[in-house]
Amino acid sequence: KNSDRLAKLGLNTVRDVLFYFPRDYLDYARQVKIRDLQAGETVTIIGTVKKCNCFSSPRNKTLTIFELIVQDATGRIKINRFSRGKRFQSRGWQEQQKRMYPPGAVVAASGLVKEGKFGITLDDPQIEVIDHVSGSIESADVGRVVPIYPLTEGVSADLVRKVVVASLPAAIQLQEALPDEVRQRHQLAWIQEAI
């Protein structure tokens, strides 16, 4: 099933995947305190869940709203995600979201900082529950540099990222394309620049 989807992007072999380069990157590696959030930056915050709610919009029944209030030592932020579709309207799915982020849970949330009429928020954030405030983040999308690949209908960013990660060990079998003298010249220039 996935191979048919990936074929839409011309990804038929491991070599195709290794040479399928991102068109951009999102830099979520920078952790910021809530009080220091600046509109326009891509960041990661870590804090404690104070409240979580997930419900169908009273004005538009096809829209599901996920709300999370997160607090750290410097402030509080309300994070929203909006989802459309029958799957998200399901009461079971909405309750599952609430159970994933109970009050007191520690989360890492990554996204673009936006300022609106209700204040600062993270736009469509990636969220992961972690053990504690200084705990490690395991997600491939939270707290790190995230590659953005060209996509097509029916092919998700998560699928492409998983396939790329699974293909990376095969990169050692690729033959170096640059001649030795070019690589050595650039390595020397890099070392001199670092000094």
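Criteria and thresholds
- Residues numbered from 1 in each chain as written.
- Predicted model: local features only at pLDDT ≥ 70, side-chain atom pairs only at ≥ 80, totals over all residues.
- Heavy atoms only, no water.
- Helix = DSSP H or I, 4+ residues; strand = E, 2+ residues; numbered from the N terminus.
- Buried < 20%, exposed > 50% of the residue type's maximum accessible area, 1.4 Å probe, protein only.
- Areas by Shrake-Rupley, 256 points an atom, 1.4 Å probe, with all protein chains shown as cover.
- Lys, Arg positive; Asp, Glu negative; His and termini not counted.
- Charge placed at Lys NZ, Arg CZ, Asp CG, Glu CD.
- Core = buried A, V, L, I, M, F, W, Y, C linked by side-chain atoms within 4.5 Å.
- Pairing = 2+ DSSP bridges.
- Phe/Tyr/Trp six-rings, centres within 6.5 Å; stacked < 30°, edge-to-face > 60°.
- Lys NZ or Arg CZ within 6 Å of the ring centre and 35° of its normal.

Undergrad: Which residues make up the overall build of the chain, and what are the values?
TA: Across its full length, the chain carries 6 helices and 7 strands. Each helix and strand of the chain, placed in order from N terminus to C terminus, yields the pattern α-α-β-β-β-β-α-α-β-β-β-α-α. With respect to the three principal axes, the spread of C-alpha positions in the chain is 65 × 45 × 30 Å. Residue burial in the chain is summarised as follows: out of 195 residues, 32% are buried. Surface accessibility of the chain: about 12,800 Å² in total, with carbon and sulfur atoms responsible for 51%. The distance from the centre of the 28 positive side-chain charges to the centre of the 22 negative ones in the chain is 11 Å.

Undergrad: Lay out the nonpolar core with the relevant residues and their values.
TA: Core analysis: the largest hydrophobic core is formed by 22 residues, its most contacted members being Leu37, Ile45, Leu68, Ile77, Ile79, Tyr101 and Leu122. At the level of elements, β2 (42–56), β3 (63–72), β4 (75–84), β5 (106–116) and β6 (119–130) are the ones that each hand at least two residues to this core.

Undergrad: Any details on the pairing of β5? Residues and values, ideally.
TA: In the sheet, β2 pairs with β5 via 7 bridges, with the strands oriented antiparallel. Looking at β5, one finds that Val43 is bridged to Gly111. Taken together, the 10 bridges between β5 and β6 define a ladder with antiparallel strand orientation. Pairing of Ala108 across the sheet is with Glu128, part of β6. What sits between β5 and β6 in their antiparallel hairpin is a turn of 2 residues.

Undergrad: How would you sum up the packing of aromatic side chains? Please name residues and give values.
TA: All told, the structure shown has 4 aromatic pairs when counted by the stated rule. With a centroid separation of 6.0 Å and an interplanar angle of 85°, the aromatic rings of Phe19 and Phe21 are classed as edge-to-face. Residue Phe19 is classed as partly exposed on the basis of its relative accessible area of 43%. For Phe21, a relative accessible area of 54% gives the class exposed. Ring plane angle 10° and centroid distance 5.9 Å describe the contact between Tyr20 and Tyr149, whose orientation is recorded as stacked. Note that Tyr20 is positioned in the loop between α2 (14–18) and β1 (24–27) and Tyr149 in the loop between β7 (145–148) and α5 (157–167), a separation of 129 residues in sequence. Assessed through its relative accessible area of 9%, Tyr149 is described here as buried. The cationic tip of Arg81 hangs over the ring face of Phe66; the distance from NZ or CZ to the ring centre is 5.2 Å.

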